[in-house]
Amino acid sequence: LEESIAQYKSDYASLIRDVEGLKAEMTVVTTKVERAESLLTSLSHESDRWSKSSEGFQSILGNLIGDGLLMAAFLTYSGFFDFKTRLVLMEKWRNTLDILGIDCSGDDFGMVESLSKDSERLEWQSQGLPGDQLSLENGVILKHCVRFPLVIDPSGHAIDFIMNNRKEEKIQKTSFLDKAFMKTLAGAVRFGTTLLVENVETIDPVLNPLLNREIQRTGGRSLVRIGTEDVDFSPKFSIILSTKNPAVHLTPDLCSRVTLINFTVTPASLQSQSLSLIVKAEKPEIETQRSNLLKLQGEQNVKLRQLEEQMLEKISACEGSILDDDRVVDGMEVLMKEGTLVEEQISKSEQVMASVENAVGEFEPLSTVCRNLFTLLAATRKISFLYEFSATTFTSILKSVLENTTTAESDSDNQRIAALKAGLFKEVAARVSRGMQVEDKVVFSLLLANLYKNESLAPASALSPDDIVSIVSDTFGADFPWQGRALNDLKFVTDNEIDATVPLMLVSAPGHDVSGRVESMAREGSKELAAVAMGSVEGFKTADSFIASATKRGSWVMLKNCHLCTDWLRESLVKKIQSFGAGTHPDFRLFITSEISPKLPTGLLRISDVIVAEAPTGVKASLSRFFFEHFP
């Protein structure tokens, strides 16, 4: 009996253990089921998006070779061209691949999105890169280029961006005019820092070994020749060449050794910048909200991508069954909740952005007018070599109009916009016409009138002088400044429309000297004016000395008869003016007098405010002479 009882106890204990084991196993299974259900619930939200991504993955693989060729061609060749030309090139490359039977993505293939991350683009814009498509494409090229870049940057925005973007690389600015250039270059090559060389019109031969990557390896050292000495070459060394002259003439040899990146403002990007300026001035609270929303959307997209990456990292890092690890499941749940929250925020921000864009849309017509005016100014260079008007010039005009146009507080937004439009046309006429010859001022005024009314221009031969006078006066009023704000308003122009970094260039017909007007203005205003007649080596040295002193002291300098030294203007003065900046005394002014000459450097005309000095005439007399010469 005792043996039976002992056996029963043993069997009972065994059964109890089995029951406890089953309970424990049931607990484990229940926990796994709960984890599985939790994971399924968490991941079900992502399943549709990930399914679509996986479906598109096969398409990406099929187009990989073609897309790779397109990206390589884009990075290598498109940087020099404007946005429209880049689109044409891309279409031609796609057609070529089609002929060769190589699959590639269609028009929806985004170069910027494929070659950069959302987080990178957001960081670039915080560092000063404009947000238009052309600038973003240039940022991508700048990031991936294999050859050293040569940046064409008339506005200077790209240089500011590069200095911020490469700050951690201890980037330094220099130029070929810097007396310590060779020492700075050698130090950067040796210690692996980045060098930004400004105002590059031609390449100093000392850079050829670097551009050609002529690296010699001797005894475990990498050497490159700089001038007459061999310098240790650091693989971290980088050099960026830049010029502010959009009309710079670059030799084929140079183009083959650098990656050209053109930041010249296009009409489309100017329209975008103009809209931002207008909204900032007229509705600052909306522009602030718009900017913050754009930044927030970028940050949200970056956050969503980071959450996806963290999710995949947790899954791939899990050892054994994912259901055995509470931390993975809990972490996945947290990530999925955050992802859902971010998506909700994106949805809400898109709704708010839609309402903001609707408010901004009121100013779209005015920004379109800005684009059309800029396109017209750019087209005037086909009329005469003198007519070089930069985006910086137009932006300055627009800012002046926004600051100085006054309307009644009771006026509606539409009335305010109409006043701004009228003011913009008058200010463009006042500032641009002064740089034109009389006959061209007449035609320009007529073009402005037709652009203002959004009408096509009738053939000039079909219009009489009275017709043109009537069209211009009926459109803008009798006080329209068709001759420009010029010599009769010289003091106002000097005080309010140019600054220490923008020279005033007075060009005239042979024998018509206007330097006396500047000298008289300086005497009346008790301004110190240093004048020098150009055309000799002594004059060049004196001019350099005067400018160096005046930029520090805030006095004035006048260079006379500069048509006699166009080579010096191109090779020295333009670069010197482009180096003016925050360190230049705000009271400094530079005046340049010259006869009208096609040899005047384009770069100088673009960075100067130009007044063409001619004998004043009446509008009818000018029109009669214009028609007599062109339609006899």
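Now for a look at the structure at hand. Nothing here was measured: the structure is a model prediction, and the numbers come from that model.

### Things to note about the nonpolar core
Part 1 of the reasoning: Of all hydrophobic cores here, the largest spans 72 residues; its most connected members are Phe394, Leu424, Val428, Leu448, Leu559, Leu573 and Leu590.
Part 2 of the reasoning: Residues contacting Leu448, with those up to four places away along its chain left out, are Leu373, Leu376, Phe425, Val428, Ala429, Phe476 and Phe480.
Part 3 of the reasoning: Listed in part, the 28 residues of the second largest apolar core include Leu185, Val206, Val231 and Val248.

### What to know about the pairing of strand β9 (residues 504–508)
Part 1 of the reasoning: Counting buried positions along β9 yields 5 of 5 residues, so the element is predominantly enclosed.
Part 2 of the reasoning: A two-sided burial pattern is seen for β9, the buried positions comprising Leu504, Leu506 and Ser508 on one face and Met505 and Val507 on the other.
Part 3 of the reasoning: In the sheet, β9 pairs with strand β12 (residues 589–595) via 5 bridges, with the strands oriented parallel. Counted as the bridge partner of Leu504 is Phe591 from β12.
Part 4 of the reasoning: Bridge count for β9 against strand β13 (residues 609–613) is 5 bridges, and the pairing is parallel. Paired with Ser508 across the bridge in β13 is Ala613.

### Notes on unusual backbone geometry
Part 1 of the reasoning: One non-glycine residue with positive phi stands out, namely Lys170, at about 55 degrees.
Part 2 of the reasoning: In this fold, Lys170 is placed in the loop between α7 (157–165) and β2 (172–175).
Part 3 of the reasoning: Not every positive phi belongs to a glycine, and Ser526 is a case in point at roughly 55 degrees.
Part 4 of the reasoning: With respect to the element layout, Ser526 can be found in the loop between α20 (515–524) and β10 (529–533).
Part 5 of the reasoning: For Ser526, a relative accessible area of 68% puts it in the exposed group.

### Some points on the sheet that holds strand β6 (residues 229–232)
Part 1 of the reasoning: Read from one edge to the other, the open sheet built from 3 strands follows the order β4-β5-β6, with strand pairing classed as antiparallel. The sheet terminates laterally at β4 (216–218) and β6, the two strands that pair on one side only. Here the strands of the sheet are splayed against their neighbours by 45 degrees on average, with no regard to which way each runs.

### Looking at the packing of aromatic side chains
Part 1 of the reasoning: A complete count under the given rule lists 13 aromatic pairs for this structure.
Part 2 of the reasoning: Taking the centre distance of 5.6 Å and the plane angle of 85 degrees together, the rings of Phe580 and Phe588 count as edge-to-face. For the residue pair Phe580 and Phe588, the accessibility class agrees, reading buried in each case.
Part 3 of the reasoning: Clustering of aromatic rings is evident, with ring pairs tying together Phe425, Tyr452, Phe476 and Phe480.
Part 4 of the reasoning: The ring centre of Phe148 lies 4.1 Å from the NZ or CZ of Arg213, which sits over that ring.
Part 5 of the reasoning: A cation sits over an aromatic face here: Lys421 above Tyr452, 4.7 Å from the ring centre.

### Thoughts on a nonpolar patch on the surface
Part 1 of the reasoning: On the surface, Phe57, Ile60, Leu61 and Leu64 cluster together into a nonpolar patch covering about 400 Å² of accessible area.
Part 2 of the reasoning: A per-element tally of the nonpolar patch places helix α1 (residues 2–62) first, with 3 residues.
Part 3 of the reasoning: Inspection of the secondary structure puts Leu64 in helix α2 (residues 64–77).

### What to know about the pattern of salt bridges
Part 1 of the reasoning: Overall, the coordinates contain 24 salt bridges when judged by the stated rule.
Part 2 of the reasoning: The salt bridge partner of Arg416 is Glu282, with a shortest N-O separation of 2.8 Å. Taken as a pair, Arg416 in helix α16 (residues 413–432) and Glu282 in helix α11 (residues 267–282) lie far apart in primary sequence, 134 residues in all.
Part 3 of the reasoning: Using a relative accessible area of 14% as the deciding quantity, one classes Arg416 as buried.
Part 4 of the reasoning: Given the relative accessible area of 18%, Glu282 is considered buried.
Part 5 of the reasoning: In this structure, the salt-bridge partner of Lys283 is Asp413, at a minimum N-O distance of 3.5 Å. Of this pair, Lys283 sits in the loop between α11 and α12 (284–317) while Asp413 sits in helix α16, and the two are 130 residues apart along the sequence.

### Overview of helix α14 (residues 364–379)
Part 1 of the reasoning: Compared with the 22 Å implied by 1.5 Å per residue over 16 residues, the 23 Å span of α14 between its first and last C-alpha is a close match.
Part 2 of the reasoning: Among the residues of α14, Leu366, Ser367, Val369, Cys370, Leu373, Phe374, Leu376 and Leu377 are the ones counted as buried.
Part 3 of the reasoning: On its buried face, α14 sits against α11, α15 (391–404), α16 and α17 (438–452).

### Some details on the environment of Asn63
Part 1 of the reasoning: Inspection of the secondary structure assignment puts Asn63 in the loop between α1 and α2.
Part 2 of the reasoning: For Asn63, a relative accessible area of 13% translates into the label buried.
Part 3 of the reasoning: For the pair formed by Asn63 and Leu293, sequence separation is 230 residues and the distance between their alpha carbons is 35 Å.

### With respect to the packing of α14 against α16
Part 1 of the reasoning: Put simply, α14 and α16 touch, their axes get as near as 11 Å, and they point 15 degrees apart. When the axis of α14 is compared with that of α16, the two are roughly parallel. Note that α14 runs across α16; the crossing there is right-handed. Contact residues: Leu366, Val369, Cys370, Leu373 and Leu377 in α14; Ile417, Leu420, Lys421, Leu424, Phe425, Val428 and Val432 in α16.
Part 2 of the reasoning: Here the contact of α14 with α16 is composed, by residue class, of 11 nonpolar, no polar and 1 charged.

### Examining the sheet that holds strand β8 (residues 259–262)
Part 1 of the reasoning: Strand order in the open sheet formed by 5 strands is β2-β3-β7-β1-β8, and the pairing between neighbours is parallel. Edge positions in the sheet fall to β2 and β8, since each of these pairs with one other strand and no more. Across the sheet, the mean angle from the axis of one strand to that of its neighbour is 25 degrees, orientation sign disregarded.
Part 2 of the reasoning: Across 4 bridges, β2 lies against strand β3 (residues 194–198) in parallel orientation. In the sheet register, Thr174 faces β3, and the bridge partner there is Val197.
Part 3 of the reasoning: Packed onto the sheet, helix α6 (residues 133–144) meets β1 (149–152) and β8 and runs at close to 160 degrees relative to β8.

### Describing helix α3 (residues 83–100)
Part 1 of the reasoning: Taking 1.5 Å of rise per residue, the 18 residues of α3 would be expected to cover 26 Å, and the 26 Å separating its terminal C-alpha atoms lies within 8% of that figure.
Part 2 of the reasoning: Of all the residues in α3, the buried ones are Arg86, Leu89, Met90, Arg94 and Leu97. Projection of α3 onto a plane perpendicular to its axis shows the buried side chains occupying an angular sector of 140 degrees, all on one side. Seen from the open side of α3, the exposed residues pointing more than 90 degrees away from its buried face are Lys84, Lys92, Asp98 and Ile99.
Part 3 of the reasoning: Close packing links the buried residues of α3 with α2, α4 (111–115), α6 and β8.
Part 4 of the reasoning: Put simply, Asp82 is the residue that caps the front of α3, since its side-chain oxygen is 3.3 Å from the backbone nitrogen of Lys84.

### Overview of the environment of Ser594
Part 1 of the reasoning: Assignment of secondary structure puts Ser594 in strand β12.
Part 2 of the reasoning: Residue Ser594 is classed as buried on the basis of its relative accessible area, which comes to 4%.
Part 3 of the reasoning: When sequence neighbours within four positions are dropped, the list of residues in contact with Ser594 reads Leu506, Val507, Ser508, Cys562, His563 and Leu600.
Part 4 of the reasoning: Of the polar contacts made by the side chain of Ser594, one reaches the backbone nitrogen of His563; its length is 3.5 Å.

Conventions used here
- Residues numbered from 1 in each chain as written.
- Predicted model: local features only at pLDDT ≥ 70, side-chain atom pairs only at ≥ 80, totals over all residues.
- Heavy atoms only, no water.
- Core = buried A, V, L, I, M, F, W, Y, C linked by side-chain atoms within 4.5 Å.
- Buried < 20%, exposed > 50% of the residue type's maximum accessible area, 1.4 Å probe, protein only.
- Contact = heavy atoms within 4.5 Å.
- Helix = DSSP H or I, 4+ residues; strand = E, 2+ residues; numbered from the N terminus.
- Pairing = 2+ DSSP bridges.
- Axes fitted to C-alpha atoms, helices over the stretch in contact; angles between N-to-C directions.
- Phe/Tyr/Trp six-rings, centres within 6.5 Å; stacked < 30°, edge-to-face > 60°.
- Lys NZ or Arg CZ within 6 Å of the ring centre and 35° of its normal.
- Patch = residues over 30% accessible without salt bridge, like charges linked within 9 Å, V, L, I, M, F, W, Y side chains within 5 Å.
- Areas by Shrake-Rupley, 256 points an atom, 1.4 Å probe, with all protein chains shown as cover.
- Salt bridge = Lys/Arg side-chain N within 4 Å of Asp/Glu carboxyl O.
- Expected span 1.5 Å × (residues − 1).
- Parallel < 35°, antiparallel > 145°, perpendicular 65-115°, else oblique.
- Left-handed = near helix turned anticlockwise from the far one by under 90°.
- Nonpolar A, V, L, I, M, F, W, Y, C, P; charged D, E, K, R; others polar.
- Arc of directions from axis to C-beta.
- Polar contact = N/O pair within 3.5 Å; in protein donor to acceptor, adjacent residues only side chain to side chain.

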